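The lines below spell out each chain.
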Amino acid sequence: MKKLRKYLFLERRKRNYFMEWKDRIDEMCAYELEEQIIYSIKIGFLSNEEIQEECEEYIENYDDVGKISSEEFLEIVMKFRKEFQNVGEQENFLKLDLAFKNMEKQGIVALHEDCACGFEDCTEIAAKRYENGEKVIGCCFYTSQDVERILDGNRLFYFSFGNCFEEPTTEEVGQIIVEELEKVGFVVQWNQSADTKIAIVDFVWDKKYCE
């Protein structure tokens, strides 16, 4: 988040966003809330209402922080949305989503950033599918931290993966993931080891929230 924080600092020097609400709550809390809102908007998975709810949960961690109503939080999020929402056709994210759908067809549980617990979520979903008689061989996912690194300027977008049974092996599942990512046009980096994450090279995050 270092580059994002530096960006926010420079932006603050040029203009002060909605100082009225910031003056009414703890300074550090206001800073962290602003960062959280912008980050959530740039990620593109959450609606304004969902971001507002997260803000309200976050502010509960502070004592004597001040008060802002739900309506005011929602208005703040909407204003930030106009400023920081990704624009364009989501070309990279749609390619990634297509690759994930193709992985699913081959029995790989593929989850986007909104997964909460990574391997735990994948294992739970895989178990349910297996009980329903569906083909399940492994999993692939990325975390909020992986997206955060991309927004922070990292060249590599990392994916965790694994297998469900002895066959196919973790390496074989990894190879399927690599092939599906390459089929949609990504340049992929992986040393074919089960202990090394798969990465897309020079990925640009362009997802935007769509109702």
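About the cut-offs
Residues numbered from 1 in each chain as written. Predicted model: local features only at pLDDT ≥ 70, side-chain atom pairs only at ≥ 80, totals over all residues. Heavy atoms only, no water. Phe/Tyr/Trp six-rings, centres within 6.5 Å; stacked < 30°, edge-to-face > 60°. Helix = DSSP H or I, 4+ residues; strand = E, 2+ residues; numbered from the N terminus. Buried < 20%, exposed > 50% of the residue type's maximum accessible area, 1.4 Å probe, protein only. Core = buried A, V, L, I, M, F, W, Y, C linked by side-chain atoms within 4.5 Å. Contact = heavy atoms within 4.5 Å. Pairing = 2+ DSSP bridges. Axes fitted to C-alpha atoms, helices over the stretch in contact; angles between N-to-C directions. Parallel < 35°, antiparallel > 145°, perpendicular 65-115°, else oblique. Left-handed = near helix turned anticlockwise from the far one by under 90°. Nonpolar A, V, L, I, M, F, W, Y, C, P; charged D, E, K, R; others polar. Salt bridge = Lys/Arg side-chain N within 4 Å of Asp/Glu carboxyl O.

## A short note on the packing of aromatic side chains
For step 1, the next point in the chain: One pass over the full model with this rule turns up 17 aromatic pairs.
For step 2, the next point in the chain: Plain terms: the ring middles of Tyr142 and Phe157 are 5.0 Å apart, the flat faces sit at 65° to each other, and that makes the pair edge-to-face. Here Tyr142, found in the loop between β2 (138-141) and α8 (144-151), pairs with Phe157, found in strand β3 (residues 156-163); they are 15 residues apart in sequence, far enough to count as distant. As far as burial versus exposure is concerned, Tyr142 and Phe157 are alike and both buried.

## Let's talk about the nonpolar core
For step 1, the next point in the chain: Grouped together as the largest cluster of nonpolar side chains are 31 residues, with contacts concentrated most on Leu96, Met103, Tyr142, Phe157, Ile177, Leu181 and Trp205.
For step 2, the next point in the chain: Contributions of two or more residues to this core are made by α3 (27-43), α6 (91-105), β1 (108-111), α8, β3, α9 (170-183) and β5 (198-201).
For step 3, the next point in the chain: Setting aside residues no more than four positions away along its own chain, Phe157 makes contact with Leu96, Tyr142, Asp146, Val147, Ile150, Ile198, Ala199, Ile200, Phe203 and Trp205.
For step 4, the next point in the chain: Among the nonpolar cores identified, the runner-up in size contains 17 residues, and Trp21, Cys29, Ile59 and Val77 belong to it.

## Some words on the sheet that holds strand β4 (residues 188-189)
For step 1, the next point in the chain: With mixed pairing, the 5 strands of this open sheet are ordered in space as β1-β2-β3-β5-β4. Each of the sheet's edge strands pairs with one partner strand only, and the pair in question is β1 and β4.
For step 2, the next point in the chain: As defined by bridge partners, β3 adjoins β5 across 4 bridges and the pair is classed as antiparallel. The residue of β5 that forms the bridge with Tyr158 is Ala199.

## A few points about the pairing of β5
For step 1, the next point in the chain: Side chains Ile198 and Ile200 of β5 all project onto a buried face; the interleaved residues Ala199 and Val201 project onto the opposite face, where all are buried too.
For step 2, the next point in the chain: Here β4 runs beside β5; their pairing, made up of 2 bridges, is antiparallel. When the sheet's bridge partners are listed, Gln189 is paired in β5 with Ala199.

## Let's talk about the environment of Tyr130
For step 1, the next point in the chain: On the secondary structure map, Tyr130 appears in helix α7 (residues 119-131).
For step 2, the next point in the chain: It is 9.8 Å that separates the C-alpha atoms of Tyr130 and Gly107, two residues lying 23 residues apart in sequence.
For step 3, the next point in the chain: Each residue touching Tyr130, except ones within four places of it in the same chain, is listed here: Val136 and Phe165.

## A short note on the packing of helix α4 (residues 48-59) against helix α5 (residues 70-84)
Helix-helix packing is characterised by the crossing angle of the two axes and by the distance between the axes.
For step 1, the next point in the chain: Where α4 meets α5, the axes come as close as 9 Å, and the angle between the chain directions of the two elements is 125°. Regarding the angle of α4 to α5, the classification is oblique. The two elements α4 and α5 cross, and the hand of that crossing is right-handed. Contacts between α4 and α5 involve Asn48, Glu49, Ile51, Gln52, Cys55, Glu56 and Ile59 from the former and Ser70, Phe73, Leu74, Val77, Met78 and Arg81 from the latter.
For step 2, the next point in the chain: When grouped by side-chain class, the residues that make up the contact of α4 with α5 number 7 nonpolar, 3 polar and 3 charged.

## Concerning the pattern of salt bridges
For step 1, the next point in the chain: Enumeration according to the criterion identifies 8 salt bridges in this entry.
For step 2, the next point in the chain: Linking Lys101 and Asp97 is a salt bridge whose minimum nitrogen-to-oxygen distance equals 3.3 Å. Here Lys101 and its partner Asp97 are both found in helix α6, 4 residues apart, which amounts to about one turn of the helix.
For step 3, the next point in the chain: On the basis of relative accessibility, which here comes to 18%, the residue Asp97 falls in the buried class.
For step 4, the next point in the chain: One salt bridge in this structure joins Lys197 and Asp146, with 3.9 Å as the shortest N-O distance.

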